Amino acid sequence: MTREEEMTVRSQAFRQQYRDATPRWYRGELHLAFTLAFTVGVIVWCFSRIEESTAAQWLWVAVPMFLFGNWAEWAGHRYLLHNTKSVLKAAYKRHVSTHHQFFVHTTLDYHGQRDWRALLFPPFAPVLFVAAAVPPALLLGALWTPNAGYIAMVVMASYYLMYEGLHTLSHVENSPFLDRLPLVNTVRRMHVLHQQGHKVTSYSTSSCFALVLAPVA
Ligand SMILES: [Zn+2]
Ligand SMILES: [Zn+2]
């Protein structure tokens, strides 16, 4: 048996076991609803607090915050999700022992809402990601204008939403449409490598734009 066949068999066996162990109460729709409600809620609320913003405020905050989001995504994979010394053991276990066993590059597909338990990031992920923007947002609000702080939060929550969306699209199989969509097709190709377990490129291929922005990351 080739290594690839072995990985596929192991993944199929894990899938069965994980599906059997999924509690009856689990609903993928609720899992997705929480992620959407939290991120969209932060975006809408912070947006509503912005008063007469200027183009300069958006430019000087949105660009650095987008890069910060990209860094947070990369660092999250590098230090928390793929690191045996992770300070968030639960996140490490969830990502490596669940997501990467349920999905390998030959088994990227998912079937039905109950598989979303392995597909979607756990509910604490969006909370943690968005919370990482609170210190810089408070600092911006105190040193410059409250608008800057709210814009920072809008960008960070939007980044997470985009990340979760692109990751989900990376698990949609046989889609010539998605394979033709610029950016989405790059992320999809990179994610196949990530699920294949490419060690050297693992962190950068897990990120949406790390590879685009920093090929050596
Ligand atoms: Zn994945
Ligand atoms: Zn990973």
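We now turn to the structure provided with this report. The shown structure was predicted, so the numbers you read here are calculated from the model rather than taken from an experiment.

Focus: the overall build of the protein chain
If you tally the helices and strands in the protein chain, you get 12 helices and 0 strands. Ordered by position from the N terminus, the helices and strands of the protein chain form the series α-α-α-α-α-α-α-α-α-α-α-α. Radius of gyration (C-alpha) of the protein chain: 18 Å, near the 17 Å computed for a compact globule of 217 residues. C-alpha extents for the protein chain along the principal axes are approximately 60 × 40 × 40 Å. Going through the 217 residues of the protein chain one by one, you find that 29% of them count as buried. Put simply, of all contacts in the protein chain between residues at least 6 apart along the chain, 69% involve residues at least 24 apart.

Description of the packing of helix H6 (residues 124–131) against helix H8 (residues 146–170)
Across the interface, H6 lies against H8 with an axial gap of 9 Å and an inter-helix angle of 145°. Viewed along their axes, H6 and H8 form a crossing whose handedness is right-handed. In this structure, H6 uses Pro126, Phe129 and Val130 to contact H8, whose residues at the interface are Met156, Ala157 and Tyr160. In terms of residue class, the contact of H6 with H8 is built from 6 nonpolar, no polar and no charged.

Describing the packing of helix H3 (residues 55–81) against H8
Axis separation between H3 and H8 bottoms out at 9 Å; the angle between their running directions is 40°. Our classification of the angle between H3 and H8 gives oblique. Judged by the twist between their axes, the crossing of H3 over H8 is right-handed. Listed contacts from H8 to Gln57, Trp58, Val61, Ala62, Met65, Phe66, Gly69 and Glu73 of H3 are Asn147, Ala148, Ile151, Ala152, Val155, Met156, Tyr159 and Tyr163. Partitioning the contact of H3 with H8 into residue classes produces 12 nonpolar, 3 polar and 1 charged.

Let's talk about helix H10 (residues 184–196)
Here H10 contains 13 residues, and its C-alpha end-to-end distance of 18 Å stays within 8% of the 18 Å for a straight helix at 1.5 Å per residue. By the burial criterion, the buried members of H10 are Val187, Arg188, Met190, His191, His194 and Gln195. Gly197, located one to two residues past H10, shows a positive phi value of around 85°.

Examining the environment of Phe177
Positionally, Phe177 belongs in helix H9 (residues 176–180). For Phe177 and Ser53, which are 124 residues apart along the polypeptide, the C-alpha to C-alpha distance reads 37 Å.

Some thoughts on unusual backbone geometry
At Asn174, a residue that is not glycine, the phi angle is positive and equals roughly 50°. Within the element layout of this structure, Asn174 appears in the loop between H8 and H9. Positioned with a positive phi, Leu183 is a non-glycine residue whose angle comes to about 75°. Secondary-structure assignment places Leu183 in the loop between H9 and H10. Residue class for Leu183 comes out exposed when judged on the 11 C-beta atoms lying within 10 Å of it.

Describing the nonpolar core
One broad trend across soluble globular proteins is that nonpolar side chains are buried collectively. Residues Ala152, Met153 and Met156 are the most contacted members of the largest nonpolar core, which totals 31 residues. Contributing elements (two or more residues each) for this core: helix H2 (28–49), H3, helix H5 (116–119), H6, helix H7 (134–143) and H8. The greatest single-element share of this core, amounting to 12 residues, is contributed by H8. With near-sequence residues (within four places) excluded, Met156 lies in contact with Met65, Gly69, Val130 and Ala133.

Regarding the environment of Leu119
You can see Leu119 is positioned in helix H5. Take Leu119: there are 21 C-beta atoms within 10 Å of it, and that puts it in the buried class. Taking the C-alpha atoms as reference points, Leu119 and Gly28, separated by 91 residues in sequence, lie 9.5 Å from one another. When residues no more than four places from it in sequence are discounted, the contact partners of Leu119 are Tyr110, Thr168 and His171.

Cut-offs and rules
Residues numbered from 1 in each chain as written. Chains lettered and ligands numbered in written order. Predicted model: local features only at pLDDT ≥ 70, side-chain atom pairs only at ≥ 80, totals over all residues. Helix = DSSP H or I, 4+ residues; strand = E, 2+ residues; numbered from the N terminus. Rg over C-alpha atoms; globule rule 2.2 N^0.38 Å. Buried ≥ 20, exposed ≤ 12 C-beta atoms within 10 Å, placed from the backbone. Contact = placed C-beta atoms within 7 Å. Axes fitted to C-alpha atoms, helices over the stretch in contact; angles between N-to-C directions. Left-handed = near helix turned anticlockwise from the far one by under 90°. Nonpolar A, V, L, I, M, F, W, Y, C, P; charged D, E, K, R; others polar. Parallel < 35°, antiparallel > 145°, perpendicular 65-115°, else oblique. Expected span 1.5 Å × (residues − 1). Core = buried A, V, L, I, M, F, W, Y, C linked by C-beta atoms within 7 Å.

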